[in-house]
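# Structural features, examined
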Amino acid sequence: MAAKERQERAGRQAATPSTAAESAGNGESLAERGAQVQPRKPVRQAAKAPDRPAHEAYAVRALVLQGGGALGAYQAGVYQGLAEGGIYPNWVAGISIGALNAAIIAGNPPQRRVEQLRAFWEYICAQPWLPSLSHTWFADHAEGWPEPMRIWFDGLHAARAMLEGQRGFFQPRSWPELVSRYSDPSHASFYDTTPLKETLERFADFDLINHRPDLMRVSVGAVNVRTGNFAYFDNTRDKLRPEHFMASGALPPGFPAVEIGGEYYWDGGLVSNTPLAEVLTAQPRRDALIFQVDLWSARGKLPHDLVDVAERQKDIQYSSRTRAITDYMREQQNLRRMLNEVMALVPASKRDNAWYRRAAEQACDARRNVIQLIYRDKSFENMAKDYQFGALTMHEHWTSGLDDIRQTLRHPQWLAMPSREHPFVTHDVHRGNGG
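Check the secondary structure of the chain and you find 17 helices and 11 strands. Across the 435 residues of the chain, 48% fall into the buried class. Sequence-distant contacts, at least 24 apart, represent 74% of the contacts inside the chain between residues at least 6 apart. In the form shown here, the chain has an accessible surface area of approximately 22,900 Å², with 55% of it arising from carbon and sulfur atoms.

Going through the model one piece at a time under the given rule, you end up with 14 aromatic pairs. When the ring of Phe169 is compared with that of Phe255, the centres are 5.8 Å apart and the planes differ by 50 degrees; the resulting orientation is tilted. Note that Phe169 is positioned in the loop between α8 (147-164) and β3 (171-172) and Phe255 in the loop between α12 (242-248) and β7 (258-260), a separation of 86 residues in sequence. Residues Phe169 and Phe255 agree in their burial class; the two are buried. Within the aromatic cluster, the residues linked to one another by ring pairs are Phe169, Phe170, Tyr191, Phe255 and Phe389. When the ring centre of Trp91 is taken as reference, the NZ or CZ atom of Arg217 above it lies at 4.0 Å. Its guanidinium or amino end placed over the ring of Trp355, Arg358 lies 4.7 Å from that ring's centre, counting from NZ or CZ.

So, on to a nonpolar patch on the surface. On the surface, Leu335, Met338 and Val342 cluster together to form a nonpolar patch covering roughly 280 Å² of accessible area. Assignment of secondary structure puts Leu335 in helix α15 (residues 322-343).

Turning next to the pattern of salt bridges. Under the criterion given, the structure shown has 19 salt bridges. Among the salt bridges present, the one from Arg406 reaches Glu84, with a minimum N-O distance of 2.9 Å. Of this pair, Arg406 sits in helix α17 (residues 391-409) while Glu84 sits in helix α4 (residues 73-84); the two residues are 322 residues apart in sequence, bridging distant segments of the chain. On the basis of relative accessibility, which here comes to 34%, the residue Arg406 falls in the partly exposed class. Judged by relative accessible area, which is 46%, Glu84 ranks as partly exposed. In this structure, a network of salt bridges that share partners links the residues Glu311, Arg312, Asp315, Asp377 and Lys385.

Next up on the list: the confidence of the model for the chain. In the predicted model, the chain carries a mean pLDDT of 84, and 83% of its residues have values of at least 70. Across residues 1-43, where pLDDT falls below 50, the model places 14 contacts with residues more than four positions away in sequence or in other chains.

Further remarks concern the packing of helix α6 (residues 113-124) against α17. Packing of α6 against α17 leaves a shortest axis separation of 11 Å and a crossing angle of 150 degrees. Accordingly, the angle class assigned to the pair α6 and α17 is roughly antiparallel. α6 and α17 meet at a crossing whose hand is right-handed. Residues Val114, Leu117, Arg118, Trp121 and Glu122 of α6 lie in contact with α17, whose contacting residues are Met394, His395 and Trp398. Of the residues that constitute the contact of α6 with α17, the class distribution is 5 nonpolar, 1 polar and 2 charged.

Here we take up the nonpolar core. It is characteristic of soluble globular proteins that their nonpolar side chains tend to be buried jointly. Grouped together as the largest cluster of nonpolar side chains are 68 residues, with contacts concentrated most on Leu63, Trp121, Leu200, Phe245 and Phe291. Considering each element in turn, this core owes the most residues, 8 residues, to helix α5 (residues 97-106).

Below, the discussion takes up the pairing of strand β5 (residues 217-224). Within β5, 8 of the 8 residues are buried, which leaves it mostly tucked inside the rest of the structure. Burial along β5 is two-sided: Arg217, Ser219, Gly221 and Val223 facing one way and Val218, Val220, Ala222 and Asn224 facing the other are all buried. In the sheet, strand β2 (residues 91-94) pairs with β5 via 4 bridges, with the strands oriented parallel. Within β5, the residue paired with Gly94 across the bridge is Val220.

Every buried residue belonging to helix α10 (residues 194-203) is among Leu196, Thr199, Leu200 and Phe203, and all of these are buried. Buried residues along α10 cover an arc of 100 degrees about the axis, so they all sit on one side. α10 presents Thr194, Glu198 and Arg202 as exposed residues on the side facing more than 90 degrees away from its buried surface. Its buried side turned inward, α10 meets α5, α6, α11 (206-211) and α12.

Moving on, we come to the side chain of Ser219. By secondary structure assignment, the location of Ser219 is in strand β5. Reaching out from Ser219, the side chain makes a polar contact with the side chain of Asp234 at a distance of 2.5 Å.

With that settled, consider unusual backbone geometry. The amide bond that connects Pro252 to the next residue, Pro253, takes the cis arrangement and shows omega of -5 degrees. In this model, Gln283 is joined to Pro284 through a cis peptide bond whose omega is -5 degrees. If you trace the backbone, Pro284 turns up in the loop between α13 (276-280) and β9 (288-294). The backbone of Ser96 sits at a positive phi, close to 60 degrees, despite the residue not being glycine. Looking at the secondary structure, you find Ser96 in the loop between β2 and α5. On the basis of relative accessible area, Ser96 is assigned to the buried category, the value being 12%.

If you trace the backbone, Lys385 turns up in the loop between β10 (368-374) and α17. A polar atom in the side chain of Lys385 sits 2.6 Å from the side chain of Asp377. Contacts of Lys385, omitting those with residues within four sequence positions, involve Ala70, Leu71, Trp296, Glu311, Asp315 and Asp377.

Cut-off values and rules
- Residues numbered from 1 in each chain as written.
- Predicted model: local features only at pLDDT ≥ 70, side-chain atom pairs only at ≥ 80, totals over all residues.
- Heavy atoms only, no water.
- Helix = DSSP H or I, 4+ residues; strand = E, 2+ residues; numbered from the N terminus.
- Buried < 20%, exposed > 50% of the residue type's maximum accessible area, 1.4 Å probe, protein only.
- Contact = heavy atoms within 4.5 Å.
- Areas by Shrake-Rupley, 256 points an atom, 1.4 Å probe, with all protein chains shown as cover.
- Phe/Tyr/Trp six-rings, centres within 6.5 Å; stacked < 30°, edge-to-face > 60°.
- Lys NZ or Arg CZ within 6 Å of the ring centre and 35° of its normal.
- Patch = residues over 30% accessible without salt bridge, like charges linked within 9 Å, V, L, I, M, F, W, Y side chains within 5 Å.
- Salt bridge = Lys/Arg side-chain N within 4 Å of Asp/Glu carboxyl O.
- pLDDT = per-residue confidence, 0-100.
- Axes fitted to C-alpha atoms, helices over the stretch in contact; angles between N-to-C directions.
- Parallel < 35°, antiparallel > 145°, perpendicular 65-115°, else oblique.
- Left-handed = near helix turned anticlockwise from the far one by under 90°.
- Nonpolar A, V, L, I, M, F, W, Y, C, P; charged D, E, K, R; others polar.
- Core = buried A, V, L, I, M, F, W, Y, C linked by side-chain atoms within 4.5 Å.
- Pairing = 2+ DSSP bridges.
- Arc of directions from axis to C-beta.
- Polar contact = N/O pair within 3.5 Å; in protein donor to acceptor, adjacent residues only side chain to side chain.

Structure (structure tokens):
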């Protein structure tokens, strides 16, 4: 009887398919069960996370903007290209027109920055008195003109800027104002920049600029007129107002000094026309990707007449000497990294002394990547290019900046974090990989 029950039980088991768990419990593989077992659906693997964009690896993503008046539309074009590439700076530093661009960038949410930059430049590139030449037959056909005619057309815009000023930016003072003496330095200039305050408030939200300096740091440079010392106004230390940005662009004798806290300030370009060193030396030292946007090239052709001499003088005077700064900072960073490596060899028992602590303050393994973009002059431009605010020229400058940054971003490897062996690198699309 027992033998018969065992046979019946075995038959029932053979006729009933086992689950995977039962098979495993019996020491029987799915392969051994063959067609009697329905295999499980394969487990879907999680999709591979997309690679992190190279620029997001840097703690600091800085946009450094040089001074250069009407040439500043080039910087706006560069910013548009960065936004198209999904690169948003968390630190913007500027001097003169670079400071004004910085105010518009930092004073707007990311999705409105390009729009507001465009609106700002369209607004100030109009004359306040006589009808604008921006939408005339001349403007529509100027791009195809012979060079002498284009020089004439641009010269007309520059002359109007001197005689009429620019809407929402500056206006000429009356003759009685110019020949009289003032006790207030804010009136000692050829032009009055009072309209600029209202324009900045129109296109930038200063509450936003001061709200979260940890998310968007803003620095603008100016010169103390009384002491001659360079000063940076920074939203991590100061509550920035339109006056701070106006002070950074108060180039004498055209524009008046701006009073801040009982002191008067002029354009930072009188001492240094770029805030690059301020970004590179900031504490604490952190990995940084820096887009340095220059409006004046230190390199240029030999002048052959007095007009060429005046233009070449400006180029040299206001160029940032970016190559000299980056060469110096590269050497410094290599030394700091070397010191950092040497300090790692010091036994723990020897580290509790003043000299070690001093060395620790200087040692650093941060890596820096400086992407240089330098405006290249058009053949028809001359010494008036920084106050030639014509709309046609503004659009050309903007397009040049956009083209240059787009070409730069076609080299994604340039955004990669530098190696520990070479912690400071530079790149310039016009000179190839600076290395």
